[in-house]
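For reference, the chains in residue letters:
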Amino acid sequence: MHIEPEIVTGAKLVLSYATGIAAGGVALKLAVDAVREQGVASFVVRTIATIALVFSFFEILPHFRVGVSEVHFILGSTLFLLFGAAPAAFGLALGLLLQGLFFAPTDLPQYGMNVTTVLVPLFAIQALAQRVIPRNTAYVDLQYRQALALSTAYQSGIVAWVAFWALYGSGFGATNLASIATFAGSYALVIVIEPLADLAVLALAKSLRGVTADGFVTPRLYNAA
């Protein structure tokens, strides 16, 4: 989901700045709600955890350039289910920023596009979760089909936004359409594998249900924040 340089250039970058700022505004609103509901300490701890995880996902897990973007494993829906929408949003945004600052400065001009691409689908699955999952459901009490639906929806949103930026920046020419198709085809592997990884994390959490000797605490699902 790292849009390649030169896909969107010049004055067209203004839209990416606008959408990035708008996504940041939504994340900030969620953060205010999270602090009000769970306290600042809880929000900070969960946010630090998601930043570390996102940074690791981008740098350690396999990733490769295909067509108009790079293919990454993000696990955005699992971050959302484990830590809540606000910490997941801040973790994705800041982890992406740190990765660009320290390892890929050529990605920084595309930051508005990239942060929009990872955050807007997150907000979409938050809205979906509020409709289908009772508030404050324990993570281990989630049904596999619920986790699978959220994961698939998130990955589909990533592909849709990458396609949008590519079409917006470079038009409907045959070469650009072919590059988009190549990316979408490769990302289909993520759409298959990442939901399975999400389900594996949920299965692990379920297997640890009731473990208390080591201080294990069942994480709660923060639907609203």
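This structure is a prediction, so every number in the text was calculated from the model and none was measured.

## A look at the packing of aromatic side chains
(1) Moving on: Across all of its chains, the model carries seven aromatic pairs by this definition.
(2) Moving on: A ring pair is formed by Phe-43 and Phe-90, whose centres lie 5.6 Å apart and whose planes are at 85°; its orientation type is edge-to-face. Remark: Phe-90 occurs in helix 4 (residues 85-102) and Phe-43 occurs in helix 2 (residues 40-60); sequence separation between them is 47 residues.
(3) Moving on: Looking at Phe-43, the relative accessible area reads 10%, which means it is buried.
(4) Moving on: In this structure Phe-90 comes out as partly exposed when scored by relative accessible area, which is 21%.
(5) Moving on: Note on Phe-164 and Tyr-168: the rings are 5.9 Å apart at their centroids and 10° apart in plane angle, and the pair reads as stacked. Of this pair, Phe-164 and Tyr-168 both sit in helix 6 (residues 144-170), four residues apart, which is roughly one turn of the helix.
(6) Moving on: Residue classification places Phe-164 among the partly exposed positions, given a relative accessible area of 36%.

## Notes on the side chain of Thr-78
(1) Moving on: Structurally, Thr-78 is set in helix 3 (residues 76-83).
(2) Moving on: Apart from residues no more than four positions distant in its own chain, Thr-78 is found in contact with Tyr-139, Asp-198 and Val-201.

## With respect to the nonpolar core
When a protein is soluble and globular, its nonpolar side chains tend to lie buried together.
(1) Moving on: By size, the foremost hydrophobic cluster in this structure holds 58 residues, and its most contacted members are Ile-74, Phe-80, Leu-92, Leu-119, Leu-122, Tyr-154 and Tyr-187.
(2) Moving on: Elements represented by at least two residues in this core include exactly helix 1 (13-38), helix 2, helix 3, helix 4, helix 5 (111-132), helix 6 and helix 7 (174-207).
(3) Moving on: With residues up to four places along the chain from it excluded, the contact list for Tyr-187 reads Val-71, His-72, Ile-74, Gln-155, Ile-158 and Val-159.

## Observations concerning helix 4
(1) Moving on: Over its 18 residues, helix 4 runs 26 Å from end to end, which matches the ideal 26 Å to within 8%, given 1.5 Å per residue.
(2) Moving on: Packed against the buried residues of helix 4 are helix 1, helix 2, helix 3, helix 5 and helix 6.

## Some remarks on the side chain of Arg-46
(1) Moving on: With respect to the element layout, Arg-46 can be found in helix 2.
(2) Moving on: Side-chain polar atoms of Arg-46 contact the backbone oxygen of Phe-83, separated by 2.4 Å.

## What about the packing of helix 1 against helix 6?
(1) Moving on: For the pair helix 1 and helix 6, the least separation of the axes is 10 Å and the interaxial angle reads 150°. The pairing of helix 1 with helix 6 is recorded here as roughly antiparallel in orientation. On helix 6, the residues touching Leu-15, Ser-16 and Thr-19 of helix 1 are Phe-164, Trp-165 and Tyr-168.
(2) Moving on: Per-class residue counts for the contact of helix 1 with helix 6 are four nonpolar, two polar and no charged.

## Looking at unusual backbone geometry
(1) Moving on: In this structure, Glu-6 is a non-glycine residue whose phi angle is positive, near 75°.
(2) Moving on: In this structure, Leu-75 is a non-glycine residue whose phi angle is positive, near 55°.
(3) Moving on: Take Leu-75: it is sitting in the loop between strand 2 (69-71) and helix 3.
(4) Moving on: The buried category is assigned to Leu-75, whose relative accessible area is 15%.

## Concerning the confidence of the model for the protein
(1) Moving on: Per-residue confidence for the protein gives a mean pLDDT of 86; residues scoring 70 or more make up 92%.
(2) Moving on: Element-level mean pLDDT values for the protein span from 80 in strand 1 (residues 64-66) up to 96 in helix 1.
(3) Moving on: Here residues 211-220 is modelled with pLDDT under 50, and outside its nearest four sequence neighbours on either side it reaches 13 contacts, counting other chains as well.

## Re the pattern of salt bridges
(1) Moving on: Summed over all chains, the structure comprises three salt bridges.
(2) Moving on: Between Asp-33 and Lys-29 there is a salt bridge, with the nearest N and O atoms lying 2.8 Å from each other. Remark: Lys-29 and Asp-33 occur in helix 1; sequence separation between them is four residues, near one turn of the helix.
(3) Moving on: Between Arg-36 and Asp-33 there is a salt bridge, with the nearest N and O atoms lying 3.0 Å from each other. Separated by three residues within a single helix, Arg-36 and Asp-33 lie in helix 1, roughly one turn from each other.
(4) Moving on: The class of Arg-36 is exposed, set by a relative accessible area of 62%.
(5) Moving on: Look at the salt bridges and you will find they share partners, linking Lys-29, Asp-33 and Arg-36 into a network.

So, how was this worked out
Residues numbered from 1 in each chain as written. Predicted model: local features only at pLDDT ≥ 70, side-chain atom pairs only at ≥ 80, totals over all residues. Heavy atoms only, no water. Phe/Tyr/Trp six-rings, centres within 6.5 Å; stacked < 30°, edge-to-face > 60°. Helix = DSSP H or I, 4+ residues; strand = E, 2+ residues; numbered from the N terminus. Buried < 20%, exposed > 50% of the residue type's maximum accessible area, 1.4 Å probe, protein only. Contact = heavy atoms within 4.5 Å. Core = buried A, V, L, I, M, F, W, Y, C linked by side-chain atoms within 4.5 Å. Expected span 1.5 Å × (residues − 1). Polar contact = N/O pair within 3.5 Å; in protein donor to acceptor, adjacent residues only side chain to side chain. Axes fitted to C-alpha atoms, helices over the stretch in contact; angles between N-to-C directions. Parallel < 35°, antiparallel > 145°, perpendicular 65-115°, else oblique. Nonpolar A, V, L, I, M, F, W, Y, C, P; charged D, E, K, R; others polar. pLDDT = per-residue confidence, 0-100. Salt bridge = Lys/Arg side-chain N within 4 Å of Asp/Glu carboxyl O.

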